[in-house]
Amino acid sequence: MLQVKALPLAELRERSSEKWREYPDDVLPLFVAETDFPLAPAISDALRRAVEIGDTGYVASRTPLAESFAAFANRRYGWEPDPARMRSTADVSMGIVEILRRVTQPGERVVVTPPVYPPFYDLVAEAGAEVERVPLRDTGTRWELDLDGIRAAFDDGATAILLCNPHNPTGTVHDRDGLAALADLADEFGAAVVSDEIHAPLAQPGTGFTPFLAVSDAARRVGYAVVSASKAFNLAGLKCALMVTADDATSEVVRGLPVEVEWRTGQFGLLAALAAFSEESDPWLDGLLRTLDENRVLLEDLLAAHLPDARYRIPDAGYLAWIDLTALDWGDNPARRILRDAKVALHFGPAFGAEGAGHVRLNFGTSPEIITEAIERIAALVGR
């Protein structure tokens, strides 16, 4: 059984990406959503071969990317999206903006569900729309969509919702019933649902993942999904994502996007995504999920032992932990003190919305040793 292990810290510090260049070497970087694992072998082989033969030109006008993703979705989720209803672009954020530009008018409101991925606020603005905040509901055991709040927003004129599924930063995988209810609401009010599903391949097997477009006929009428291999396989810098539809009207919207939207797909991103979505990479992804499962439980144990006042709910998917440090009385943005005094870089909670006050987001897509050292450094601040 394959076990995917993080690279040694000395090797990681040779990387030149944002995670390893933003802060000095005495800081443990657990903020941005990059992981510390080696690439899946199929991806390394594909990129190495491309360099050897100089395959570094423009992305071709016809590629097997859509078919490759459709096969991946069928194997991993039991979903059979139509390759003819997909187009590629540079990344999920670009796909979101381009779709929102065409399903909303300037000044119209788009629902977001904080605490949520900070760029969502900027992406809505970039598309010319305005943000309508409908926070997630905390049931005490999990987070879920506030369907009553979303209904009220649609009734008041909001024309779209930007869904995050699995949700960043909580790691929540929204269940089929909640997604179906959302689809019915959007269908009733003529609103669009743009579903960011970038973390979907990282849903733990015990939870599973339901793609929005697989939920119902209503979801297929109102929905757009934007997907990528970039988070699961650590390919964000290579630039490749897919916009997926499942209805004639929504497919026409995506087909009507300028050709430059598709031309922005990176050639290396395309080659890497093809390798990631291939069956050859399935054992690697399964091994990664096992590692992340161990890490999410390790983090729970470490917090219980060293920071018992912290509140942490094990995520359904991904490698991002949403931790409530309010009880430590370290202010609305505890990551600032943690960075300054413990030399651990976490994502600032308030960046995810007002609901993030007192919270931090920690990336556990790394080694157990780094996670352990980070929590021990943070715990040493208690009482100081």
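Scroll up for the structure.
Quick summary incoming for the structure in this document.

Cut-offs applied
Residues numbered from 1 in each chain as written. Predicted model: local features only at pLDDT ≥ 70, side-chain atom pairs only at ≥ 80, totals over all residues. Heavy atoms only, no water. Buried < 20%, exposed > 50% of the residue type's maximum accessible area, 1.4 Å probe, protein only. Helix = DSSP H or I, 4+ residues; strand = E, 2+ residues; numbered from the N terminus. Arc of directions from axis to C-beta. Contact = heavy atoms within 4.5 Å. Phe/Tyr/Trp six-rings, centres within 6.5 Å; stacked < 30°, edge-to-face > 60°. Lys NZ or Arg CZ within 6 Å of the ring centre and 35° of its normal. Pairing = 2+ DSSP bridges. Axes fitted to C-alpha atoms, helices over the stretch in contact; angles between N-to-C directions. Parallel < 35°, antiparallel > 145°, perpendicular 65-115°, else oblique. Left-handed = near helix turned anticlockwise from the far one by under 90°. Nonpolar A, V, L, I, M, F, W, Y, C, P; charged D, E, K, R; others polar. Salt bridge = Lys/Arg side-chain N within 4 Å of Asp/Glu carboxyl O.

**What to know about helix H7 (residues 147–155)**
Part 1 of the reasoning: Buried residues of H7: Gly149, Ile150, Ala153 and Phe154, and no others. Looking straight down H7, one finds its buried side chains confined to an arc of 135 degrees; they lie on one side. For H7, exposure combined with an orientation more than 90 degrees from the buried face picks out Asp148 and Asp155.
Part 2 of the reasoning: On its buried face, H7 sits against strand S3 (109–112), strand S4 (130–133), strand S7 (160–164) and helix H8 (176–189).
Part 3 of the reasoning: Phi turns positive one or two residues past the end of H7, at Gly157, with a value near 115 degrees.

**Section: the packing of aromatic side chains**
Where two aromatic rings form a pair, the distance of their centres and the angle of their planes describe that pair.
Part 1 of the reasoning: Evaluated as defined, the whole model comprises 12 aromatic pairs.
Part 2 of the reasoning: Between Phe72 and Tyr77, the ring centres sit 6.0 Å apart and the planes meet at 90 degrees, which makes this aromatic pair edge-to-face. For the pair Phe72 and Tyr77, a shared accessibility class is recorded, and that class is buried.
Part 3 of the reasoning: An aromatic cluster is built from Phe69, Phe72, Tyr77, Trp79, Phe209 and Phe277, whose rings are joined through pairwise contacts.
Part 4 of the reasoning: Directly above the aromatic system of Trp143 lies the positively charged group of Arg313, at a separation of 4.1 Å from the ring centroid.

**Re the pairing of strand S2 (residues 86–89)**
Part 1 of the reasoning: Side-chain alternation along S2 places Met86 and Ser88 on one buried face and Arg87 and Thr89 on a second face that is also buried.
Part 2 of the reasoning: As paired strands, S2 and strand S10 (residues 241–244) are joined by 4 bridges and run antiparallel to one another. Bridging from a neighbouring strand, Thr89 pairs with Ala241 of S10.

**A closer look at the sheet that holds S4**
Part 1 of the reasoning: An order of S2-S10-S9-S8-S7-S3-S4 is seen for the 7 strands of this open sheet, with the pairing classed as mixed. For this open sheet the edge positions go to S2 and S4, each flanked by a neighbour on one side alone. Here the average twist between neighbouring strands, direction ignored, is 25 degrees.
Part 2 of the reasoning: The pairing of S3 with S4 spans 4 bridges and is classified as parallel. When the sheet's bridge partners are listed, Val110 is paired in S4 with Val131.
Part 3 of the reasoning: Of the strands in this sheet, S2, S3, S7, strand S8 (192–196), strand S9 (223–227) and S10 touch helix H5 (residues 92–103), which is tilted by about 160 degrees from S9.
Part 4 of the reasoning: Those strands touched by helix H11 (residues 248–255) are S2, S9 and S10, and its axis lies near 50 degrees from that of S9.

**Some details on the sheet that holds strand S12 (residues 320–324)**
Part 1 of the reasoning: With antiparallel pairing, 4 strands are arranged side by side in an open sheet as S11-S12-S15-S14. Only two strands of the sheet have a single neighbouring strand rather than two, namely strand S11 (311–312) and strand S14 (347–348).
Part 2 of the reasoning: Contacts from helix H15 (residues 334–342) reach S14 and strand S15 (359–363), with the element oriented near 55 degrees to S15.

**Things to note about the side chain of Asp282**
Part 1 of the reasoning: Summarising the element assignment, Asp282 is placed in helix H14 (residues 282–306).
Part 2 of the reasoning: Look at Asp282 and you get buried, because its relative accessible area is 12%.
Part 3 of the reasoning: Those residues in contact with Asp282 that sit more than four places away from it in its chain are Phe72, Arg75 and Arg76.

**Brief notes about the packing of helix H4 (residues 65–77) against helix H13 (residues 267–277)**
To characterise two packed helices, one gives the angle between the axes of the helices and the distance between these axes.
Part 1 of the reasoning: H13 packs onto H4 with a crossing angle of 30 degrees between their chain directions and a minimal axis gap of 9 Å. In terms of their interaxial angle, H4 and H13 are classed as roughly parallel. Pair H4 / H13 crosses with left-handed handedness. Note on element contacts: H13 touches H4 through Leu270, Ala273, Leu274, Ala276 and Phe277, opposite Leu65, Ser68, Phe69, Phe72 and Arg75.
Part 2 of the reasoning: A class-by-class count of the residues in the contact of H4 with H13 yields 8 nonpolar, 1 polar and 1 charged.

**A look at the pattern of salt bridges**
Part 1 of the reasoning: Throughout the structure, instances matching the rule amount to 30 salt bridges.
Part 2 of the reasoning: Among the ionic pairs, Arg48 bridges to Asp45, the shortest N-O distance being 2.9 Å. Of this pair, Arg48 and Asp45 both sit in helix H3 (residues 41–53), separated by 3 residues, roughly a single helical turn.
Part 3 of the reasoning: For Asp293, the salt bridge goes to Arg296, with nearest N and O atoms at 2.8 Å. Within this pair, Asp293 and its partner Arg296 are both found in helix H14, separated by 3 residues, close to a single helical turn.
Part 4 of the reasoning: Judged by relative accessible area, Asp293 falls into the partly exposed class, the value being 30%.
Part 5 of the reasoning: Classification of Arg296 as buried rests on a relative accessible area of 15%.
Part 6 of the reasoning: Taken together, the shared-partner salt bridges in this structure form one network comprising Glu98, Arg101, Arg102, Glu126 and Arg264.

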